[in-house]
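One letter stands for each residue in the lines below.
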Amino acid sequence: MQQVKAVVAKAKGAPVELVTINVPDPGPGEAVVKIQACGVCHTDLHYREGGINDEFPFLLGHEAAGVVEAVGADVTSVAPGDFVILNWRAVCGQCRACKRGDLQYCFATHNATQKMTLEDGTELSPALGIGAFAEKTLVAAGQCTKVDPEARPAAVGLLGCGVMAGLGAAINTGGASRGKSVAVIGCGGVGVAAIAGAALAGSSPIIAVDIDAQKLEAARGMGATHTVDSSQLDPVEEIKRICAETYDGADGADIVVEAVGRPETWKQAFYARDLAGTVVLVGVPTPDMKVPDLPLIDVFGRGGALKSSWYGDCLPDRDFPMLVDLYRQGRLDLDAFVTEEIGIDDVEAAFEKMHHGGVLRSVVVL
Ligand SMILES: NC(=O)c1ccc[n+]([C@@H]2O[C@H](COP(=O)([O-])OP(=O)(O)OC[C@H]3O[C@@H](n4cnc5c(N)ncnc54)[C@H](O)[C@@H]3O)[C@@H](O)[C@H]2O)c1
Ligand SMILES: [Zn+2]
Ligand SMILES: [Zn+2]
């Protein structure tokens, strides 16, 4: 066991605290990872606000890269010294989803078996089974995906959650490709990554929607061909208008990604898609949210698909090395997602900045 500094949310809505935690030595199937960088994702804020569940205290942080320090006796997939991105989809290979080949839906993904604790022994709930706003964390070995050690930790660590979720929402879940239009509502780290994914896939037009002009600027830099400030204009009408300019007869976008996680923006996505189009909900709603007044005939009559996207339907061992490769070749600008590098005691300030715009990702660097 060793003691390290870490960021913990002790109670619903209370500011996070930098405290000392106990990290057990890795047992069978586990690894201890020395964290080099961890992005601040909106989901960490959801945890702090009690929007995910009530299992306080949470050890926050889940978008990280680092170096394996030690592994359990039986671990062969990674070794001390390996540079890894942490993932929250270490598939089991045994459940019904895995056995039928749908590994991205694995019902029993692996996390560490032992618990990290506060100094007084209180067990911590690591965010998404990771907990990486910490000098070191304990994870299942399968949560460590080895990637090119030359890559910048603050940039590639973002593939561990938000950037992968956005890229995958457009490409894997939505099926973005050449000849298809894509609109993205909400251009934070996740939404802008969806735009980057649509651009990688060759989609056009790529329409970015946000209420914050700075986010729209960032979206343009990542490949958006059009931007819509939905605090000024009706996004549904604008998306339909822009798509009709490109494709004769289009009445909306082929794929609309919702990256906010609110009923009103999901409804915009629903009505902004063309007939037989696909809506992808990658934003995470809170349990109290409902979509009011949606006529069932509109669901039936428009056809297509209403999907949600957990983690961009990614398979970390397949997707992380491939995306790091594209980054190293200059084809995926992961550096552009890193707005600022911050210290481990700046997480609360980073949450605050999420409400004021201008920041795609604050990344804790250790
Ligand atoms: N599905 C997954 O696997 C997954 C993974 C990571 C994050 N998420 C979720 O994705 C969502 C976005 O995460 P993020 O880190 O990019 O958050 P963020 O706070 O960085 O970005 C949210 C963006 O939405 C914009 N926005 C807010 N209200 C809006 C509105 N009414 N219309 C248009 N835009 C609006 C904000 O201006 C901001 O740019 C969150 O709900 C987060 O929990 C999901
Ligand atoms: Zn499984
Ligand atoms: Zn996240």
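These remarks concern the structure in this document. On a predicted model such as this, the values are computed, not experimentally measured, just so you know. (Residues numbered from 1 in each chain as written. Chains lettered and ligands numbered in written order. Predicted model: local features only at pLDDT ≥ 70, side-chain atom pairs only at ≥ 80, totals over all residues.)

## Regarding the pairing of strand E17 (residues 338-342)
Next up, step 1: Looking at chain direction, E17 and strand E18 (residues 361-365) are connected through 4 bridges and run parallel. Considered in E18, the bridge of Glu340 is made with Ser362.
Next up, step 2: Note on the crossover from E17 through helix H11 (residues 347-354) to E18: the handedness is right-handed. (Pairing = 2+ DSSP bridges. Helix = DSSP H or I, 4+ residues; strand = E, 2+ residues; numbered from the N terminus. Right-handed = clockwise from strand over helix to strand, strands pointing away.)

## Points about the nonpolar core
Next up, step 1: One finds Ala170, Val184, Ala194, Ile195 and Val257 to be the most contacted residues of the largest nonpolar core, which totals 120 residues.
Next up, step 2: Counting residues per element, this core draws most heavily on helix H5 (residues 189-201), at 9 residues.
Next up, step 3: Dropping the residues within four chain positions of it, Ala194 is found in contact with Gly166, Leu167, Ala169, Ala170, Val184, Val257, Ala259 and Val282. (Core = buried A, V, L, I, M, F, W, Y, C linked by C-beta atoms within 7 Å. Buried ≥ 20, exposed ≤ 12 C-beta atoms within 10 Å, placed from the backbone. Contact = placed C-beta atoms within 7 Å.)

## Some words on the site of ligand 1
Next up, step 1: As a matter of local geometry, ligand 1 sits amid 32 residues, with His42, Ala165, Gly186, Gly188 and Gly261 nearest to it.
Next up, step 2: Contributions of two or more residues to the shell around ligand 1 are made by helix H1 (42-48), helix H4 (162-173), H5 and strand E12 (206-210).
Next up, step 3: Looking at the shell around ligand 1 residue by residue, the classes come out as 15 nonpolar, 14 polar and 3 charged. (Near = placed C-beta within 6 Å. Nonpolar A, V, L, I, M, F, W, Y, C, P; charged D, E, K, R; others polar.)

## Digging into helix H6 (residues 213-221)
The periodicity of an α-helix, 3.6 residues per turn, causes residues three or four positions apart to be oriented the same way.
Next up, step 1: All of the buried residues in H6 are Lys215, Leu216, Ala218 and Ala219. End-on, the buried residues of H6 take up no more than an arc of 160 degrees, which puts them together on one face.
Next up, step 2: Packed against the buried residues of H6 are H5, E12 and strand E13 (226-229).
Next up, step 3: Backbone geometry just after H6 places Gly223 at a positive phi near 120 degrees. (Arc of directions from axis to C-beta.)

## A word on the environment of Ile207
Next up, step 1: Tracing the backbone shows Ile207 in strand E12.
Next up, step 2: The class of Ile207 is buried, set by 27 C-beta atoms lying within 10 Å.
Next up, step 3: Remark: the alpha-carbon pair of Ile207 and Ala151, spanning 56 residues in sequence, is separated by 30 Å.
Next up, step 4: With residues up to four places along the chain from it excluded, the contact list for Ile207 reads Ala183, Ala224, His226, Val228, Ile239, Ile242 and Ala253.

## Re the environment of Asn22
Next up, step 1: With respect to the helices and strands, Asn22 occurs in strand E2 (residues 17-23).
Next up, step 2: Judged by the 19 C-beta atoms lying within 10 Å of it, Asn22 falls in the partly exposed class.
Next up, step 3: Through-space distance from the C-alpha of Asn22 to that of Gly174 is 41 Å; in sequence the pair is 152 residues apart.
Next up, step 4: Excluding anything up to four places from it in sequence, Asn22 contacts Met1, Gln3, Met116, Thr117 and Glu119.

## Section: unusual backbone geometry
Next up, step 1: Residues Phe56 and Pro57 are joined by a peptide bond in cis, for which omega reads -5 degrees.
Next up, step 2: With respect to the helices and strands, Pro57 occurs in the loop between H1 and strand E4 (58-59).
Next up, step 3: With an omega of -5 degrees, the peptide bond between Ser204 and Pro205 qualifies as cis.
Next up, step 4: Here Pro205 shows up in the loop between H5 and E12.
Next up, step 5: Its identity as a non-glycine residue notwithstanding, Leu128 has a phi of 50 degrees, on the positive side.

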